[in-house]
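# A structural walkthrough
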Amino acid sequence: MAVQAAPEQEQVATAPLLQVQGLTMSYGFGDAENKILNNLNLEVNDGEFVSIVGPSGVGKTTLLRVLSGLIRPKSGTVSVGGEAISGPHRDLAVVFQDYSRSLMPWMTTLENVAFPLQGRGVGKKERNEAAAKNLAAVGLGGQGHKYPWEMSGGMQQRVAIARALAYNAKVLLMDEPFASVDAQTRFDLEDLVIDLQSNLGVTIILVTHDIDEALYLADKVIVLAEKPATVVDVIETGFGDHRDQVETKADPRFAEARARILHRLRSH
Amino acid sequence: MTETALRTPPKPGPGTVSTKNASVRQAGGTFRERSRFAKALLNVLQRTWLIALVFAIWWTASANSTNIFIPSLEDILLSLRRDLSNGVIGSGASYSLTNLGAGLLLAVVVGIAGGLVLGETRRLREIVDPVIHFFRSVPQAALVPLIIGAFGIGQGPKIYTIAFACMWPVLLNTIDGVLGVEPTIRKFSKVYRIPAGLHFRRVVLPAALPQIVAGIRVALPIGITVMVVSELFAANKGLGFYILNSSATFQVPETWAGALLVGVIGYILSLLFIVFERRILSWYFKSGAK
């Protein structure tokens, strides 16, 4: 399975959809300069699910902020589809960690999902249809009239995912998206994201500190470590499209990859 | 089974309790309807007993008053009824309330617009901040003669005076509200490239609205005070004029009646405002943010 998948990917990967080259980021100047990211390089191919894993405080959030165009790097470039970005980009959508703060409580879930499309000038009927469709895709069909605060945490994060999908960006950036929900909801959301990714062919970059989650979800796991952070390992998981919370995690390759990542993180 | 039976509150079983309930039902309406009515009645009583008591004490204590400046409540209410029925107060009140309405509206529009802009642009806020705090610290009522002196005695200057006094709480609260917008929502707005106009209208404004409304609530009584004060100078109409005029001609019960009426109007307006607030901020109250 893994052996078959690898050459296929190489054929597709003529040019990576998202490319990070020589990314360096620091806060402060002079003696007080605190270097966060150091000469970081990574590539994400079209349709790929990439996890970025690393210990807390390594600089994952900073990397995500650079990728989403919220802050500019000291040096290096982030390019999408071969074009270097200079700020928030049309082809990048973000799912924030804290769903309860990223959804707007004065809008219904349908309005929340449709709102970014309104910003792009999509007509009311069209954007509401798109919102309803994407709410249905995350398992919230017919619940658009509810307000976010009438929903559970897991449902709110589904709404946030629907909003990112409706934006129709090529790349979805997810910042520890399941860190604030309980374990069972987390498994459900993980499986939902896997399904969405294989059905819609969207490219996903998910940042997490959880090694199991990173491995379970991704086609490729990028390991960040050291201070300032840099890429210390890239692992192709090769589990294919079908994943199961029990089977996949019991796969010997899963244990092997897990050990390898842990080893990488420990040795730095 | 036993566990649920233990947990649920005692249900009317097929014993004495159920027959009791049935008799209550027969007596009039369902039990629930009656208890809701009783609750509402209790609620009204709870909110009104003190004011009723105050008026009762006022009435009895002032009944045999010989002090010309403290007439009996009976005299005050009689003058109030007379001047209400002959339209003297009516025309004055409509003049005053028009000024109040126009002044408040102006204050709200300018306060919110200015507050949104100042809240969003730090540089500008830092420049303007000392000026704002200087002007809001100036006693507004003291400015009334100056404004009227400078701008004339018509209705316009009175409206500007009310607007000027009411603007500060709205402006300051709007700035505070804008500064308090959840950072994640700001990030969302940036990443999803929401255009500035839409960002103001659908993100910043609603997020700041609870604070803005609180500012308007503070502005309301200020407006009523300034409304009265603005008619104490160079006016020939309005509630303030009625109070001043009666006081100057030693019609003391009328003076009291006017003051009492302004108080009642203030109370009614604040009640109306609560209804308005519940409506415009229903998401805020329901979401449990408050």
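### Brief notes about the overall build of chain A
Within chain A one finds 10 helices and 10 strands. A compact globule built from 268 residues would reach a C-alpha radius of gyration of about 18 Å, and chain A, at 18 Å, matches this within 12%. Sequence-distant contacts, at least 24 apart, represent 70% of the contacts inside chain A between residues at least 6 apart.

### Examining the domain arrangement of chain A
A common measure of how large an interface is: the accessible area buried when the components associate. All names here are of chain A. Domain parsing of chain A yields domain 1 (2–88 + 169–176 + 193–266) and domain 2 (92–168). Summarising the inter-unit geometry, the C-alpha centres of domain 1 and domain 2 are found 25 Å apart. Of the residues lining the interface, 13 residues belong to domain 1; the matching set on domain 2 comes to 11 residues. Listing elements by their share of the side of domain 1 that touches domain 2, those giving two or more residues are strand 7 (171–175) and helix 7 (183–200). It is strand 7 that provides the largest number of residues to the side of domain 1 that touches domain 2, a total of five residues. Residues belonging to the side of domain 1 that touches domain 2 are distributed by class as follows: nine nonpolar, two polar and two charged.

### Remarks on the environment of Asp83(B)
On the secondary structure map, Asp83(B) appears in helix 4 (residues 73–85). Apart from the residues lying within four places of it in its own chain, the contact partners of Asp83(B) are Val88(B), Ile89(B), Glu254(B) and Ala257(B).

### Brief notes about the interface of chain B and chain A
Opposite the 19 residues of chain B that make contact, chain A presents 18 residues. Broken down by secondary-structure element, the contributors of at least two residues to the side of chain B that touches chain A are helix 9 (183–191) and helix 10 (196–230) of chain B. For the side of chain B that touches chain A, the leading source of residues is helix 9 of chain B, giving six residues. For the side of chain B that touches chain A, the class distribution of residues is 11 nonpolar, three polar and five charged.

### What to know about the packing of helix 5 (residues 88–120) of chain B against helix 8 (residues 155–179) of chain B
Residue and element names in this part refer to chain B. Packing of helix 5 against helix 8 leaves a shortest axis separation of 6 Å and a crossing angle of 35 degrees. In this structure, helix 5 meets helix 8 at a crossing whose hand is right-handed. For the contact of helix 5 with helix 8, the class distribution of residues is 20 nonpolar, eight polar and two charged.

### Re helix 12 (residues 252–280) of chain B
Residue and element names in this part refer to chain B. Helix length check: helix 12, at 29 residues, gives a terminal C-alpha distance of 42 Å against a target of 42 Å (1.5 Å per residue), a fit within 8%. Along helix 12, the positions that sit buried rather than exposed are Pro-253, Glu-254, Thr-255, Trp-256, Ala-257, Gly-258 and Val-262. Where the residues of helix 12 are buried, they touch helix 4, helix 10 and helix 11 (239–248).

### So, unusual backbone geometry
Backbone torsion omega between Lys227(A) and Pro228(A) reads -5 degrees, so that peptide bond is classified as cis. Among the secondary structure elements, Pro228(A) is positioned in the loop between strand 9 (220–225) and strand 10 (230–236). Although it is not a glycine, Asn168(A) adopts a positive phi angle of roughly 60 degrees. Mapped onto the secondary structure, Asn168(A) falls in the loop between helix 6 (153–166) and strand 7. Overall, Asn168(A) belongs to the partly exposed group, with 17 C-beta atoms counted inside 10 Å. Even without glycine at this site, Arg193(B) takes up a positive phi of about 50 degrees. Here Arg193(B) shows up in the loop between helix 9 and helix 10. Look at Arg193(B) and you get partly exposed, because 17 C-beta atoms sit within 10 Å.

### Section: the nonpolar core
Core analysis: the largest hydrophobic core is formed by 125 residues, its most contacted members being Leu172(A) and Val170(B). Three or more residues apiece are contributed to this core by two domains, here domain 1 (2–88 + 169–176 + 193–266) and domain 2 (92–168) of chain A. Setting aside residues no more than four positions away along its own chain, Leu172(A) makes contact with Ala93(A), Val95(A), Ala164(A), Val202(A), Thr203(A) and Ile204(A).

### Re the pairing of strand 1 (residues 18–27) of chain A
Regular strands have side chains that alternate between both faces of the sheet. Residue and element names in this part refer to chain A. In the sheet, strand 1 pairs with strand 2 (residues 34–44) via seven bridges, with the strands oriented antiparallel. Note that in strand 2 the partner of Leu-18 across the bridge is Val-44. Following strand 1, the chain reverses through six residues before pairing antiparallel with strand 2; Gly-28 in that reversal takes a positive phi of roughly 80 degrees. Taken together, the five bridges between strand 1 and strand 4 (residues 75–80) define a ladder with antiparallel strand orientation. Within the sheet, the bridge partner assigned to Thr-24 lies in strand 4 and is Ser-75.

### Topic: the sheet that holds strand 5 (residues 83–84) of chain A
One open sheet accounts for four strands, arranged 2-1-4-5 (chain A); its pairing is antiparallel. Whereas interior strands pair on both sides, the edge strands pair on one side only; in this sheet they are strand 2 and strand 5 of chain A.

### Some points on the confidence of the model for chain B
Residue and element names in this part refer to chain B. On average, residues of chain B score 85 in pLDDT, and 89% of them are at 70 or above. Mean pLDDT per element in chain B: helix 1 (residues 2–7) is the minimum at 39, and helix 9 is the maximum at 94. In the model, residues 1–26 has pLDDT below 50 throughout and makes eight contacts with residues more than four positions away in sequence or in other chains. Our summary of model confidence lists the complex with pTM equal to 0.81 and ipTM equal to 0.88.

### So, the confidence of the model for chain A
All names here are of chain A. Residues of chain A with pLDDT of at least 70 account for 94%, and the chain-wide mean is 87. Averaged pLDDT values for the elements of chain A fall to 45 in helix 1 (residues 2–12) and rise to 95 in helix 4 (residues 109–119). Counting contacts from residues 1–13, a segment whose pLDDT is below 50, to residues more than four positions away or on other chains yields 10 contacts.

### Brief notes about the sheet that holds strand 7 of chain A
All names here are of chain A. The sheet built from six strands is open, its strands ordered 6-7-8-3-9-10 with mixed pairing. Whereas interior strands pair on both sides, the edge strands pair on one side only; in this sheet they are strand 6 (92–95) and strand 10. Looking at each pair of strands side by side, their axes are set apart by 20 degrees on average, direction ignored. Where strand 9 meets strand 10, six bridges bridge the pair, whose relative direction is antiparallel. The residue of strand 10 that forms the bridge with Val-221 is Ile-235.

### With respect to the environment of Pro116(A)
Of note, Pro116(A) is situated in helix 4. By C-beta crowding, Pro116(A) is classed as buried, having 25 other C-beta atoms within 10 Å. Counting along the chain gives 121 residues from Pro116(A) to Thr237(A), while the straight-line C-alpha distance between them is 34 Å. Once residues lying within four places of it in the same chain are set aside, the contact partners of Pro116(A) are Arg163(A), Tyr167(A), Tyr192(B) and Ile194(B).

Scoring rules and cut-offs
- Residues numbered from 1 in each chain as written.
- Chains lettered and ligands numbered in written order.
- Predicted model: local features only at pLDDT ≥ 70, side-chain atom pairs only at ≥ 80, totals over all residues.
- Helix = DSSP H or I, 4+ residues; strand = E, 2+ residues; numbered from the N terminus.
- Rg over C-alpha atoms; globule rule 2.2 N^0.38 Å.
- Contact = placed C-beta atoms within 7 Å.
- Domains from an automatic or database assignment.
- Nonpolar A, V, L, I, M, F, W, Y, C, P; charged D, E, K, R; others polar.
- Axes fitted to C-alpha atoms, helices over the stretch in contact; angles between N-to-C directions.
- Left-handed = near helix turned anticlockwise from the far one by under 90°.
- Expected span 1.5 Å × (residues − 1).
- Buried ≥ 20, exposed ≤ 12 C-beta atoms within 10 Å, placed from the backbone.
- Core = buried A, V, L, I, M, F, W, Y, C linked by C-beta atoms within 7 Å.
- Pairing = 2+ DSSP bridges.
- pLDDT = per-residue confidence, 0-100.

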